[in-house]
There are 4 protein chains.
Amino acid sequence: MLWGGRDGYQSLLNTNYGKEQDNYAAFLKCVADYADEIGFTGQLLLEPKPREPSAHQYNFDAETTLGFLDRYGLTDRYSLNLEANHGTLAGHSGEHETEAAHSRRKLGSIDANRNEALLGWDTDMFPTDLALSTYVMKCVIQQGGLQPGGLNFDAKVRRESTELDDLFIGHINGMDCYARGLRAAAAMIEHGQFDQMVAERYAGFAADDSIGQRFANGEASLMELAVAAREADAEAPPPSGRQERFEALFNAFAFE
Amino acid sequence: MLWGGRDGYQSLLNTNYGKEQDNYAAFLKCVADYADEIGFTGQLLLEPKPREPSAHQYNFDAETTLGFLDRYGLTDRYSLNLEANHGTLAGHSGEHETEAAHSRRKLGSIDANRNEALLGWDTDMFPTDLALSTYVMKCVIQQGGLQPGGLNFDAKVRRESTELDDLFIGHINGMDCYARGLRAAAAMIEHGQFDQMVAERYAGFAADDSIGQRFANGEASLMELAVAAREADAEAPPPSGRQERFEALFNAFAFE
Amino acid sequence: MLWGGRDGYQSLLNTNYGKEQDNYAAFLKCVADYADEIGFTGQLLLEPKPREPSAHQYNFDAETTLGFLDRYGLTDRYSLNLEANHGTLAGHSGEHETEAAHSRRKLGSIDANRNEALLGWDTDMFPTDLALSTYVMKCVIQQGGLQPGGLNFDAKVRRESTELDDLFIGHINGMDCYARGLRAAAAMIEHGQFDQMVAERYAGFAADDSIGQRFANGEASLMELAVAAREADAEAPPPSGRQERFEALFNAFAFE
Amino acid sequence: MLWGGRDGYQSLLNTNYGKEQDNYAAFLKCVADYADEIGFTGQLLLEPKPREPSAHQYNFDAETTLGFLDRYGLTDRYSLNLEANHGTLAGHSGEHETEAAHSRRKLGSIDANRNEALLGWDTDMFPTDLALSTYVMKCVIQQGGLQPGGLNFDAKVRRESTELDDLFIGHINGMDCYARGLRAAAAMIEHGQFDQMVAERYAGFAADDSIGQRFANGEASLMELAVAAREADAEAPPPSGRQERFEALFNAFAFE
């Protein structure tokens, strides 16, 4: 696992931004070559983090890191190790970061931490957020597990928590948080309605011979889309996004 | 209820900052006098919000608004109407804002909304956060209720939620969120351990004839405190803040 | 100078919020009494900072700190030591914090630092922002100087700046930044147009026997204001805030 | 110019994240094909913006948008239209966004606005920041201009600026800001020291037959780098990043 805390800048003024990214990619190539050379079969991971210690780090968030891997032809060799804490520093929710990696099948491992959403540094607290653990575990189940990665408690008790008990309680409560998330996610998937509702929302891109399907396949032209849009306007209003219904259903499982 | 969206500035450059606060206080005095004159017996409320529409609003958050009321002698006439959404815009959690008002017995009414913590504007979503509703209802119970205020759903469905059902589901799920919070808070108070643990943490300021009690009563001098601190250092290490234990216990009730 | 980094909380759950503020005020009272006792004639200063190391600190920003002093009757004994860096962490510009203290004549001393506006921790860089130094020095001139306080370079070179020269250049450039700010502010005040434009904007509250003056003096009722507002509506539109003109004039001096 | 305000999500719960990005790319492909079909020879532009109106937009910032273009093979067909305002909403400085696009030669056009750095929405104010305009114009000169793009004042006077004069002053002051930036950048480039200092900092990757050059060319192995690093440690300490010197030199031109 490589965390690019030094692969960033403190000031743009003294920085050759393009050169640094080229160099960073060259280094990651060296690492991958070395792994091959010694017959290493584990996965190689990058851990996005936007800042701290640098003012800006190149592996800013999941999307930026995946774009970086794509650009330098390294996507097949590296997956992501995500930390919700780092996502919020980049202006994203932990759920967003998980989804961004999961949708590309590059969710390799997870630092199961929690942060104070409004603090601007990495607090590495033990996880307590059931909505987040449910969302994360739903992605994990759907991609068939995390192996060879896992859930890593890169968390620490607060500085003021000076008793031995605190350490145990932090770990137990954190592990319970993900255990409950796993059960909630499994129940949600088994029940089926949540995923069914998502599928219905995108059904227009899947119907045989529809303009939606042809568009998704790259077979429709802008002119055809314009005609189809004009016709659709004359018909029913667009269907609801049903966000409140999704939230209610998600909560019914997460906080069962 | 007065919300100071116009009582702020867009730019400091064209603003007489002190004069504007004097004027705002003069206006609130006029309002209170008029209420007396017509025999109005309801409560008068200010709703803190840091910004939007202005770049800065004078009633920035609960503490700033209470400080403003203290300074102009208006604390007895006005209470606060709080919205968690506005707290996060000011860099505070919704829990913090509630506590800041509750600790002064100035929690007058609540806009029971939720926001996206990382967006910089007021999203006014229906509440879904059980930890927040449990915390808020615990304060409400402990101060003997909110009357004559209440929980106000100043929330709206998302723009993409275009069906009639969405409106009902949003309200029902939001109301359930606070009903669950009420039950969790009542159970936590009845159980007693949580409040007991807080009381224990501050016991040193309550023990009869202790330096802690004398300090809290304003009867100890800096020299006495220095002597006491030196002696305390020689004894046991400071007791743990036990944050992880508090979090585990809180969650056990909030997500029962 | 007292900086309340320990006078805050890591978690609301284990915290008696009201009790802590009472205790903090009791401590500041002890300090002031001790100063009297030993015949200390310097000024006592509080340095607002919203967070770091704590998750929340009670002296969050200038306004919150002044409200705290007012509430506990300590306003006459303490002034503020401000750092622009701490203001941005609280969601305010450095100019705002300066103005908030200056408008109450409580601007006691200045940490002349600069931060990266978008980083969530205290970077303590050497100042380079001429607009900020011009604004600050304008306040300083208008209140007749900072004595017995001053401009304090609580700044450090970056960790990567490893040569002796860097230390000199940082200090020289930082001092030049405030020297230029002083000259720009003095020229702006001497020229007079900027302050004249501000005064004109508030002229309506100063005209003899006007409703504005009577309102500002607390002599107008809400009913009189309602009548006056209705009449004013029938007349000319409200005058322009002229923000762009203020910005152009300010820049003409700051970047002369 | 396409601005992806609708190409984002309000909630992850009802969203097929991967599918939406595929669809967005399919649409951009349609647009490019249509441009070819009608013989359009202008440039096609995307304008990154992280949020507003959506809670998250896929073209979050310059890097994410470039990664998106790379992934879908659209990099040759689209360049970026940047707005400093959107960069700060994404947690970046306007300078960063400019550099990210410039380093890939994808800086196509500029919305010459300014924002309040600490507000969470798009304020579209007229530009007044000489450091930003100097940095931007330096990139523009170095890439040989912006044609066929340009500087676009997608700015508006404040709502309170109700006089006709305000509109002229806003435009004139904004244009002057970029004219001064152009002159400062041209002088800095002509003078040469600034760029020379940057080149020196990276000289180690350019020296003939050096390990640095071989690394940058992808010819060095991890083992060779380890050996070289061990040897380098035994020698002189790493050279200074000289950030304060860069800042002083930059300011000497920007605020000449």
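Thresholds, definitions, all that
- Residues numbered from 1 in each chain as written.
- Chains lettered and ligands numbered in written order.
- Predicted model: local features only at pLDDT ≥ 70, side-chain atom pairs only at ≥ 80, totals over all residues.
- Domains from an automatic or database assignment.
- Contact = placed C-beta atoms within 7 Å.
- Helix = DSSP H or I, 4+ residues; strand = E, 2+ residues; numbered from the N terminus.
- Pairing = 2+ DSSP bridges.
- Least-squares fit on C-alpha atoms with pLDDT ≥ 70 in both.

**Considering the domain arrangement of chain A**
All names here are of chain A. Looking at chain A, the domain boundaries give domain 1 (2-191) and domain 2 (192-256). Inter-centroid distance (C-alpha atoms) of domain 1 to domain 2 is 31 Å. Listed by partner, the interface residues are nine residues for domain 1 and eight residues for domain 2. Put simply, the parts of the chain that give the side of domain 1 that touches domain 2 at least two residues each are helix 5 (130-142) and helix 6 (164-191). Ranked by the residues each element gives to the side of domain 1 that touches domain 2, the list is headed by helix 6, at six residues.

**Remarks on the pairing of strand 3 (residues 44-47) of chain C**
Residues and elements named next belong to chain C. Bridge count between strand 1 (residues 2-3) and strand 3: two bridges; the pairing is parallel. Directly across from Leu-2, in strand 3, lies its bridge partner Leu-46. Pairing geometry for strand 3 and strand 5 (residues 78-83), over three bridges, is parallel. Paired with Leu-46 across the strands is Leu-80, a residue of strand 5.

**Here we look at the relation of the copies chain A and chain B**
Superposition of chain A onto chain B requires a rotation of 180° combined with a translation of 0.0 Å along the rotation axis, giving an RMSD of 0.0 Å. Both copies of the chain, as the preceding transformation shows, are related through a two-fold rotation axis. Residue Phe-255 of chain A of chain A places its C-alpha closer to the rotation axis than any other residue of that unit, at 3.1 Å. Same-surface contact between copies: 100% of interface residues of chain A are shared with the interface of chain B.

**Focus: the interface of chain A and chain B**
Taken together, the contacts link 30 residues of chain A with 30 residues of chain B. Put simply, the parts of the chain that give the side of chain A that touches chain B at least two residues each are helix 6 and helix 10 (243-254) of chain A. No other element matches the six residues that helix 10 of chain A contributes to the side of chain A that touches chain B.

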